Amino acid sequence: MFQNGKKVGIQIKRSDKFLTAIEKLREKENLKDIDNMILLDGEEDITDKVKSGESISSFGFNDYHFIQVKLTENN
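The text that follows walks through the structure, step by step, so that each part is easy to find.

1. A look at the environment of F2
Mapped onto the elements, F2 comes out in the segment before α1 (18-29). Through-space distance from the C-alpha of F2 to that of L39 is 9.5 Å; in sequence the pair is 37 residues apart. Among all residues touching F2, those that are not within four sequence positions of it are V8, L25, E29, L31, Q68, V69 and L71.

Take a look at the structure:
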């Protein structure tokens, strides 16, 4: 979900890296790279974890979990 409330569905496997989801989001929404995004799980900033290549399963998410994407002014 973007900070403006727009929801975009991305499907990937739990064993995939979170960066795979971000790449799909970037392609789908024509966005620049992850350096122009802040990724939030509730109030927790998970951007660095995503950049480090952690897999989806390491976050403990359930199906249909929402992550908020805040775009910097460069996007």
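Picking up where we left off.
2. Comments concerning the nonpolar core
Counting residues in each nonpolar core, the largest one holds 17 residues, and the members touching the most others are F18, I22, L39, I46 and V50. Contributing elements (two or more residues each) for this core: α1 and β1 (37-41). When residues of this core are assigned to their parent elements, the largest contribution, four residues, is made by α1. Ignoring sequence-local partners within four residues, the contact set of I46 consists of F18, L39, L40, D41, F59, F61 and I67.

Criteria and cut-off values
Residues numbered from 1 in each chain as written. Predicted model: local features only at pLDDT ≥ 70, side-chain atom pairs only at ≥ 80, totals over all residues. Heavy atoms only, no water. Helix = DSSP H or I, 4+ residues; strand = E, 2+ residues; numbered from the N terminus. Contact = heavy atoms within 4.5 Å. Core = buried A, V, L, I, M, F, W, Y, C linked by side-chain atoms within 4.5 Å. Buried < 20%, exposed > 50% of the residue type's maximum accessible area, 1.4 Å probe, protein only.

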